[in-house]
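# Structural features, examined
In case you want the letters, here they are:
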Amino acid sequence: MTSRTVLISGASIAGPALAYWLRRHGFAPTVVEVAPAPRPGGHAVDLRGAGREVVERMGLMPQVRRARVDERGVANVDANGRWVARMPADLFGGEGIVAEIEIMRGDLARILHDATADGVEYLFGDRITELEQGDAGVRVRFASGAVRTFDLVVGADGVHSGVRRLAFGPERDYVRPLGGYQAYFTVPDPGDLDNWFLMYNAPGGRVAGIRPENGGTAKAMLSFTSPPLEYDRHDVPGQRRLLAAAFAGVGWRVPALLDALPTAPDFFFDSICQVRVPVWSRGRVALLGDAGYCGSPLTGMGTSMALVGAYVLAGELAAAGGDHGTAFARYQEVMRDYVAQCQELPPGGLNGFAPRTQLMIWARNQSMRMMGRWPMRAILAKQFQKADAITLPDYAGTAAPRPAGAPQAPVG
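Since the structure is predicted, the reported quantities are computational estimates derived from the model, not experimental observations.

Basis of the calculations
- Residues numbered from 1 in each chain as written.
- Predicted model: local features only at pLDDT ≥ 70, side-chain atom pairs only at ≥ 80, totals over all residues.
- Heavy atoms only, no water.
- Helix = DSSP H or I, 4+ residues; strand = E, 2+ residues; numbered from the N terminus.
- Buried < 20%, exposed > 50% of the residue type's maximum accessible area, 1.4 Å probe, protein only.
- Contact = heavy atoms within 4.5 Å.
- Areas by Shrake-Rupley, 256 points an atom, 1.4 Å probe, with all protein chains shown as cover.
- pLDDT = per-residue confidence, 0-100.
- Polar contact = N/O pair within 3.5 Å; in protein donor to acceptor, adjacent residues only side chain to side chain.
- Pairing = 2+ DSSP bridges.
- Axes fitted to C-alpha atoms, helices over the stretch in contact; angles between N-to-C directions.
- Parallel < 35°, antiparallel > 145°, perpendicular 65-115°, else oblique.
- Left-handed = near helix turned anticlockwise from the far one by under 90°.

Before going further, it helps to examine the overall build of the chain. Scanning the chain from N- to C-terminus turns up 13 helices and 18 strands. Counting over 412 residues, the chain shows a buried share of 55%. Contacts spanning at least 24 positions in sequence make up 73% of the contacts within the chain whose residues lie at least 6 apart. Summed over all atoms, the accessible surface of the chain reaches about 17200 Å², with 52% contributed by carbon and sulfur.

What follows is the structure, given as structure tokens:
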């Protein structure tokens, strides 16, 4: 019943975090990632509540704080750039829309990779193409042609998880579009953000934003509501054309952001969606983070769920002595209510984020002005409290049998 070798698909946030905790508990993790190296760039993610506590237990908070983005809050602007509403980062004790600790996704991924590089096997530039489960483990075929057997496989490979498709079924059974699309890409820092995340709403459910980051650049965000679109997920030029068409004629800084599209080194485009998988494991295969329970960018809880899920999954495998059946059931039991709360959309959902008419935009801005006052403050405080909707178990003192030749790692 004891499982020691674990293959993890995905080297963004959830995968390296799981590898970190598995290694500390005495397992032998391997991480496979289709990209040729740790992915740079990406949008800003926040560390809040239980997710922040996990990073503190990892001892990585000093590195995170050194790499954090100095962001003072979020401000809504009109077409002329005038501020119409704002939410300072400290309004909800550092746990609001903009958290006290904001860090670029690529920087957090790099920190997690660096913390695991010496004790974890990484296979960059490869991916899983076949999974065959048996009594002795999971036989895995890689795109490179290599074939290996692992005791367990974990899909931490995002919304479009290849592991989920191979072990659970087609994407359409689990991914629920919310009626919108979103793009992120790096642009030169315009020099006048003053460490604020600026957002502009245009009629038709279109949202443009720009937020500061480190190193003389900024991150652009363009989002729009739409019925389902047919496009090739690997056709980046086609995605750029879709985006440019959706934002044609929009004012504020949008023309300059669109001008930066062709040369953006890290363009990302995808639907705004949630992932709902009723049971996160099948046999020796389990799902972690967005692959199993993406809440959508609207919730702001994706990073926290990934970090907490990694901590709990590794801890339960250790507590069960590697008995994956017991551990996977306990992982879902411990995480179920937390994930359910984290997946709840904020008031108004997508329509609150991307109002379609000028009147709705005005009403949303009025609501934002009231966020620091009762009753809006109480409503939003409840929303942000989701970050603490779990008490992290203490897995200190639990450890699975070590693989042959593996050094003893501290646990706690």
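The next thing to look at is unusual backbone geometry. For Trp252, which is not a glycine, the phi torsion comes out positive at approximately 60°. Note that Trp252 resides in the loop between α6 (236-246) and α7 (254-259). A positive phi is found at Ser296, a non-glycine position, where the angle reads about 90°. By secondary structure assignment, the location of Ser296 is in the loop between α8 (290-293) and α9 (302-319).

All right, on to the confidence of the model for the chain then. Scored by pLDDT, the chain has a mean of 89; 89% of the residues are at 70 or more. Scored below 50 in pLDDT, residues 401-412 makes 27 contacts in the model with residues more than four places away or belonging to other chains.

Moving on, we get to the side chain of Glu213. Relative to the elements of secondary structure, Glu213 occurs in the loop between β14 (206-212) and β15 (217-225). Relative accessible area serves as the criterion here: at 13%, Glu213 is assigned to the buried category. At 2.5 Å, the side chain of Glu213 forms a polar contact with the side chain of Thr217. In this view, Glu213 contacts Val69, Met104, Thr186, Ala218 and Lys219; residues no more than four positions away in its chain are not counted.

On to the sheet that holds strand β9 (residues 137-142), then. Paired through their backbone hydrogen bonds, the strands of a sheet run either parallel or antiparallel. The strand order across the open sheet built from three strands is β8-β9-β10, with neighbouring strands paired in antiparallel fashion. Strands with a single pairing partner mark the edges of an open sheet, and in this sheet they are β8 (128-134) and β10 (147-150). Sheet twist, expressed as the mean angle between neighbouring strand axes with direction ignored, is 25°. Note that β9 and β10 share four bridges and pair antiparallel. Considered in β10, the bridge of Val140 is made with Arg148.

We now examine the packing of helix α1 (residues 14-24) against helix α2 (residues 49-58). The angle between the axes and the distance between the axes are what describe a pair of packed helices. The N-to-C vectors of α1 and α2 enclose an angle of 45°; their axes lie 12 Å apart at closest approach. Considered as vectors, α1 and α2 are oriented oblique to each other. You can see that α1 and α2 cross each other, and the crossing is left-handed. Here Ala17, Tyr20, Trp21 and Arg24 of α1 come into contact with α2, specifically with Val54, Arg57 and Met58.

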